[in-house]
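Chain residues, written in single-letter form:
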Amino acid sequence: MELSAQILEIFGVYAFAARSALVLSLVAMAIYVLLNAGIFALPHMGLLAVGAYTATILSLDAHVSFALAVLGGAMAGMFFGLLLAALLGRLNGIYLAIATLAFSEAISAAVLNIPLTGAAQGRVGIPRSSSDLAIVGSVVLAMALLLAVRRSRLGLSIVAMREDALMARHQGIDVFAYRIGLMALAGLLCGLAGALNVHVTGFVEPGFFNFGLLAHMLATVVVGGMIYVGGALLGTIVMSTLSQLVTVVGEYQGIVNGLIIMTVVAFAPYGLIGVVSDVIRRRHVFDGSSTPNESDASFLGAPAANDETSLKTHDRKYRQSLSAHGGEPVIELTNISMSFGGIHALQGVSLTCSSGELLGVIGPNGSGKTTLLNVISGAYDPTGGSGVLNGRPMKDLFGSPHRMARAGISRTFQTIRLVDDLSVRDNIAIGLHSMDEGVPVPAIPAMSRRDNEVERLLHEHGIAHLADVSAGELSYGLRRRVEIARAVASSPKLLLLDEPTAGMDPQERADVFARIAALLFKGMGIIVVEHDVAMMSQYCDRLVVLDFGLVIASGDPDGVLREEAVISAYVGGQGVSQ
Ligand code: ADP
Ligand code: MG
């Protein structure tokens, strides 16, 4: 009799610990949701309190059912998540962290002064209904949702915005809208956790939502692996088991926890799951034969760099003989100016590029070439001038990379911007973002259509054998090729290439230019910035020459390169040689 009572008591203690741990794993998931997207916001304690107090008041004062109280808590959390996102969503880094911590402080202060919260004493007598099913159900559902998102196109877009927000915006990803959605989701999860928790403990008190709990939850996520969905759950299991084990060290528990966290952060920044997936990946590389080696000709794909005929088929003179040069204007810029303080990087630049036309932009360093591409791709809002894209004024597109991308402008960057930890396949898939617009999240048909499209691009760009290799492991030339494949993934109307052959040898350059020219047959217009004047005049239909932000010449390459102004702009520079 006594023994069974003892067993029950021990069981009761562990059951309580397990329930609390599961509830807190929802907070860990909320931390994952934000950190995984590169959002360094820490509103979790405040959102947890909002959920807890909403559910308490609904239960004790409105006498609603357990289910309604929990739903109310979750909704309140989501509402505050949305509110925070609207108010603070444009902040970044430490500013966002501090502002969201301040939000939690404000909630604490509010709790002490709002009636019905029970102020400093808190409130007791919240029905401890049989909530196990609700807890397990919530955790399973939340986990399933996060996994579904992870595997959908959304998941890939979230990784893209975490790794490189600017690049992500140029792929058509509305980073601000994503941040709002993710903050709302974090609010929902925290609100749910708070509401469930008061029904587990039967009481609520303001001291619970303190910085210590936040630190513990952050540690949980970091130990598990902050960029993995399972990291939140694994971290919760490990940390709560540890805290059961290390109760023997009593008051030193905090120190032991601290040491564990420091060790993990120092030696395994992606947590326990990171360590495991590293081991698996390493074994995979040893087994697999797919280590890239660019000197192997088979890696270069067609057309081979020294294959004269395949190169010639795409140069300017050949295309002109087919009259395959230029159709309707894709873009018309009029009098575009761009100043940075006192620096006039562009001064009244006007140009046109038509579909099927390769327009080359040359000019000395600092003449405004990159700035021009930044204006066209929406990175900068020009200080003057106007533009028309496919017959539509560009007024609302300037300064908004994701809108520009969705309107059909795609680009590569002067310094390559790939996500090194993602495979070549996933890097290219990021470029398909703007194509799927309007398709609901885990839509299976859209996914398979996207997969087919990625396979097609991999083959077309001669990188199919590298599909599963991490982009970071590729040589420079291959990285360029992946970036171009990503840029054309969305079938843009206008493609912008900023020094796509910089740092390459002449053979590689010829290969890249042949590939670029081949894209013209798809009907897109292409604007390319490059220093290799000989290559530019061989391939481009027209050249625009910039100097100090001014167009000093434009037109047929042979004519342009003979102009006095162009020659003198280059004197002392790279020199104009053909
Ligand atoms: P290019 O690509 O032709 O070498 P850029 O377009 O990068 O030249 O730069 C043109 C001029 O504008 C340079 O004087 C450069 O210092 C200036 N510039 C470019 N971007 C910025 C910026 N974000 N802030 C201030 N100055 C800039
Ligand atoms: Mg530049």
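Residues numbered from 1 in each chain as written. Chains lettered and ligands numbered in written order. Predicted model: local features only at pLDDT ≥ 70, side-chain atom pairs only at ≥ 80, totals over all residues. Heavy atoms only, no water.

Some remarks on the pattern of salt bridges
Part 1: Tallying each qualifying case throughout the model produces 16 salt bridges.
Part 2: Salt-bridge contacts for Arg481 lead to Asp511; the nearest nitrogen and oxygen are separated by 3.5 Å. Residue Arg481 is located in helix α19 (residues 476–488), and its partner Asp511 is located in helix α20 (residues 506–519); the two are separated by 30 residues in the primary sequence. This pair shows no difference in class: Arg481 is buried, exactly as Asp511 is.
Part 3: With a shortest N-O distance of 2.7 Å, Asp532 and Arg509 are connected by a salt bridge. One end of the pair, Asp532, is in the loop between β10 (525–529) and α21 (533–539); the other, Arg509, is in helix α20, and 23 residues separate them in sequence.
Part 4: Assessed through its relative accessible area of 15%, Asp532 is described here as buried.
Part 5: Put simply, Glu453, Arg456, Glu460 and Lys522 are held in one network by salt bridges that share partners. (Salt bridge = Lys/Arg side-chain N within 4 Å of Asp/Glu carboxyl O. Helix = DSSP H or I, 4+ residues; strand = E, 2+ residues; numbered from the N terminus. Buried < 20%, exposed > 50% of the residue type's maximum accessible area, 1.4 Å probe, protein only.)

Some words on the sheet that holds strand β7 (residues 392–393)
Part 1: Ordered by their spatial adjacency, four strands build an open sheet running β4-β3-β6-β7, and the pairing between neighbours is antiparallel. A strand with exactly one partner marks an edge of an open sheet, and here the two such strands are β4 (343–354) and β7.
Part 2: By the bridge criterion, five bridges tie strand β3 (residues 329–340) to strand β6 (residues 384–389) in an arrangement that is antiparallel. Within the sheet, the bridge partner assigned to Leu333 lies in β6 and is Gly387.
Part 3: Of the strands in this sheet, β3 and β4 touch helix α15 (residues 369–376), which is tilted by about 120° from β3. (Pairing = 2+ DSSP bridges. Contact = heavy atoms within 4.5 Å. Axes fitted to C-alpha atoms, helices over the stretch in contact; angles between N-to-C directions.)

So, the sheet that holds strand β11 (residues 542–547)
Part 1: Pairing within the open sheet is mixed, and its six strands lie in the order β8-β9-β10-β5-β11-β12. In this open sheet, the two strands that pair with only one neighbour each are β8 (409–411) and β12 (550–555). For this sheet the average axis-to-axis angle between neighbouring strands, irrespective of direction, equals 20°.
Part 2: Bridge count for β8 against strand β9 (residues 494–498) is three bridges, and the pairing is parallel. Bridge pairing in β9 links Arg411 to Leu496.

What about the coordination of the magnesium ion (ligand 2)?
Part 1: In the first shell of the magnesium ion (ligand 2), the protein supplies Thr370 (OG1) and Gln414 (OE1), at 2.0 to 2.4 Å from the metal. Note that Thr370 is positioned in helix α15 and Gln414 in the loop between β8 and α17 (424–430), a separation of 44 residues in sequence. (Donors = N, O, S within 2.8 Å, 3.2 Å for Na, K, Ca; no water.)

So, the nonpolar core
Part 1: Counting 129 residues, the largest nonpolar core has Leu26, Val27, Met29, Ile428, Ile463 and Ile526 as the members making the most contacts within it.
Part 2: The element contributing the most residues to this core is helix α8 (residues 175–201), with 14 residues.
Part 3: When residues no more than four places from it in sequence are discounted, the contact partners of Ile526 are Cys353, Glu357, Leu358, Leu359, Leu494, Leu495, Leu497, Ile516, Leu519 and Leu520. (Core = buried A, V, L, I, M, F, W, Y, C linked by side-chain atoms within 4.5 Å.)

Here's the deal with the packing of aromatic side chains
Part 1: Taken as a whole, this structure holds six aromatic pairs when the rule is applied.
Part 2: Centroid distance Phe80 to Phe103: 6.2 Å. Interplanar angle 35°. Geometry classified as tilted. Residue Phe80 is found in helix α3 (residues 66–88), and its partner Phe103 is found in helix α4 (residues 93–113); the two are separated by 23 residues along the sequence.
Part 3: Owing to a relative accessible area of 25%, Phe80 belongs among the partly exposed residues under this scheme.
Part 4: Each ring, one from Phe340 and one from Tyr380, has its centre 5.2 Å from the other, and the planes form 75°; the classification is edge-to-face. Placement of Phe340 in strand β3 and of Tyr380 in the loop between α15 and β6 is noted, with a sequence separation of 40 residues between them.
Part 5: The structure contains a cluster of three or more aromatic residues connected by ring pairs, namely Tyr53, Phe208 and Phe209.
Part 6: Its guanidinium or amino end placed over the ring of Phe176, Arg90 lies 3.7 Å from that ring's centre, counting from NZ or CZ.
Part 7: Positioned above the aromatic ring of Phe413, the side-chain terminus of Arg417 is 5.3 Å from the ring centre. (Phe/Tyr/Trp six-rings, centres within 6.5 Å; stacked < 30°, edge-to-face > 60°. Lys NZ or Arg CZ within 6 Å of the ring centre and 35° of its normal.)

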